[in-house]
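The primary structure of each chain is shown beneath.
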Amino acid sequence: MLPYELIIKKRDGHTHTRQEIDFLVKGFTLGRIEEAQMASWLMAAFIQGLDHEETRYLTEAMVDSGSQLDLSRLMGATVDKHSTGGVGDKTTLVAGPLAAAVGVKIPKLSGRALGHTGGTLDKLATIPGFRTSLFHDELITQIEEIGLAVGAQTADIAPADKKLYALRDRTATVESIPFITASILSKKVAGGAKNILIDVKAGSGAFMPDLVRAKQLKKSLIETGAELGLNVKCLVTDMNQPLGMAVGNSLEIAEAIETLEGKGPADLTELSLRLAAEMVLLGRVSFKMEDARALVESALAQRQGLVVLEKMIRAQGGDDGVIKDRRRLPAAAHILPIVAEHDGYLAINDCRAIGLAAAVLSGHQGGGFSFDAGAGVLMRARHGEAVEAGAPLLELHFTEDERRVEAELLTRKGIAVVKEKPEVWPLVYEDED
Ligand code: URA
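Heads up: these notes are all about the structure in this document. (Residues numbered from 1 in each chain as written. Predicted model: local features only at pLDDT ≥ 70, side-chain atom pairs only at ≥ 80, totals over all residues. Heavy atoms only, no water.)

Within the open sheet, the three strands sit side by side as E10-E8-E12. Their pairing is antiparallel. Strand pairing shows two members of the sheet lacking a second neighbour, strand E10 (386-387) and strand E12 (415-418), which therefore form its edges. Looking at chain direction, strand E8 (residues 344-348) and E10 are connected through two bridges and run antiparallel. Paired with Tyr-345 across the bridge in E10 is Ala-386. Along the sheet face, helix H16 (residues 401-414) touches E8 and E12 and points at about 45 degrees away from the line of E12. (Pairing = 2+ DSSP bridges. Helix = DSSP H or I, 4+ residues; strand = E, 2+ residues; numbered from the N terminus. Contact = heavy atoms within 4.5 Å. Axes fitted to C-alpha atoms, helices over the stretch in contact; angles between N-to-C directions.)

What follows concerns the packing of aromatic side chains. By the definition in use, this model includes one aromatic pair. Between the aromatic rings of Trp-41 and Phe-179, the centroid separation amounts to 6.2 Å while the plane-to-plane angle is 40 degrees, which identifies the pairing as tilted. With Trp-41 in helix H3 (residues 35-48) and Phe-179 in helix H9 (residues 177-190), this pair connects stretches of sequence that are 138 residues apart. Here Trp-41 and Phe-179 have matching classes, each one buried. (Phe/Tyr/Trp six-rings, centres within 6.5 Å; stacked < 30°, edge-to-face > 60°. Buried < 20%, exposed > 50% of the residue type's maximum accessible area, 1.4 Å probe, protein only.)

Moving on: the nonpolar core. Counting residues in each nonpolar core, the largest one holds 76 residues, and the members touching the most others are Leu-98, Leu-124, Ile-127, Val-377 and Met-379. With nine residues, the single largest contributor to this core is helix H12 (residues 266-282). The residues that make up this core include at least three from each of domain 2 (79-323) and domain 3 (331-418). The next biggest cluster of nonpolar side chains, apart from the first, holds 22 residues, and it includes Phe-28, Trp-41, Ala-61 and Ala-182. (Core = buried A, V, L, I, M, F, W, Y, C linked by side-chain atoms within 4.5 Å. Domains from an automatic or database assignment.)

On to helix H15 (residues 351-362). Taking 1.5 Å per residue as the helical rise, H15 with its 12 residues ought to reach 16 Å, and the 17 Å between its terminal C-alpha atoms agrees with that figure. A side-chain oxygen of the first residue of H15 lies 3.2 Å from the backbone nitrogen of Arg-352; this N-cap is Asp-350. Just beyond H15, the residue with positive phi is Gly-363, at close to 95 degrees. (Expected span 1.5 Å × (residues − 1). Polar contact = N/O pair within 3.5 Å; in protein donor to acceptor, adjacent residues only side chain to side chain.)

What follows concerns the site of the ligand. The environment of the ligand is formed by Tyr-165, Arg-168, Ile-180, Ser-183, Ile-184 and Lys-187. Arg-168 places a polar side-chain atom, nitrogen or oxygen, 2.8 Å from an oxygen atom of the ligand. Contact distances for the ligand include 2.5 Å between an oxygen atom and a side-chain N or O atom of Lys-187. A total of 240 Å² of accessible area belongs to the ligand in isolation, and the protein chains cover 94% of it. Judged by its atoms lying within 2 Å of the grid points, the ligand is housed in the largest pocket. Listed by contribution, the elements that provide at least two residues to the shell around the ligand are helix H8 (159-170) and H9. Here the element with the most residues in the shell around the ligand is H9; it accounts for four residues. Taken together, the residues of the shell around the ligand sort by class into three nonpolar, one polar and two charged. (Near = heavy atom within 4 Å. Areas by Shrake-Rupley, 256 points an atom, 1.4 Å probe, with all protein chains shown as cover. 1 Å grid on protein atoms, 1.4 Å probe; cavity = no way out; pocket = protein on both sides within 12 Å on 5 of 7 lines; lining within 4 Å. Sits in = over half its atoms within 2 Å of the grid points. Nonpolar A, V, L, I, M, F, W, Y, C, P; charged D, E, K, R; others polar.)

The three strands are arranged E1-E4-E5 in an open sheet whose pairing can be described as parallel. The sheet is open, and its two borders are formed by strand E1 (79-83) and strand E5 (231-238), each paired with just one other strand. Pairs of neighbouring strands in the sheet enclose a mean axial angle of 20 degrees, with direction left out of account. Of the strand pairs in this sheet, E1 and strand E4 (residues 195-202) are connected by five bridges, and their pairing is parallel. Residue Asp-80 lies in a different strand from E4, and its bridge partner there is Ile-196. Most of the contacts of H9 go to E1, to which it runs at about 155 degrees, and overall it touches E1, E4 and E5.

Structure, rendered in structure tokens:
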């Protein structure tokens, strides 16, 4: 087989066999196929598409590129949760503890921040002492005892995805439904998951801004997942504005704690309850949505999720004193409020710009600076909320002024105060299934 022939085949719209896809993935992972050729194949497949079977072959080849985690020591159903990535999305840190508090077992391998979106690991790593690298036995024991462990994906979990993702990132081929499907599901299968809840984000702060495409991604994840023997549940949820008010690593940890205390923003609380209830159903702790919902609502009211989060932080070596005293978390040196220049309604036009601003402030984007764990953006108003002249719309939390300048420009691009109340978006895009 020649890579050249396979590029022509896909370029001209033909369908690959399993052997051909295996050859491409294996060859590229082992360094036998050069980047220029793989990049050409990626673009050909991005434009011509991959059918259902090719998507499955790609997923399986990516799983086979590394090793698979064995979770069979854990009794009963385990549930994994994944988000396609958003701005201010800290639901893993709220829904995870709530679902674990009522008996769901959650082994969660998380990733780092990507582009304008945050990563659960970066957020947890702001807790003094918190360890994100867990040994296999540690992970299993912690889940048996607490119900929840959040750790870093190791290098041997779907290494082909890591290499291919980096190439997609440089060749404008990220937003392909087959590629995203294979990328997400390969990591989940290799991580030992069987029951998976996927939060597919749609809107200006998502990798898949278009709602119709987000729904197609949902369908692809469910269908490919089923063919791989996985039980996949997907929700399409809104990402046209940050979820909750906090965008930034330690700011989001503080907000997750507040939410588990029952004092969180309404949108974050509601979506976390919904996701936690879905996890309860997937974990077969209950079988009806209303029962699952009642369980997680009661866990929230009794602060049981907070107890789980505290235990998890302690088990992973972190300072569990942050639960009672948020001043133990890193904080930025300065806060700059951005205020409304006239009366009107806050309109968020570009949620991605707010995510990018937080990434710039923290040092994830912009380069050359040290990582600032306490930096980020704190929203002070919601999209569609009436604001008066002089009222704060958001705050920039920063230490380095140079970063503040860029972030301020970005946030000013992302928001406006408008005369007419803008249309507000639903939290979850419910549909037929
Ligand atoms: N998240 C992933 O894990 N992979 C993608 O390709 C996109 C989002």
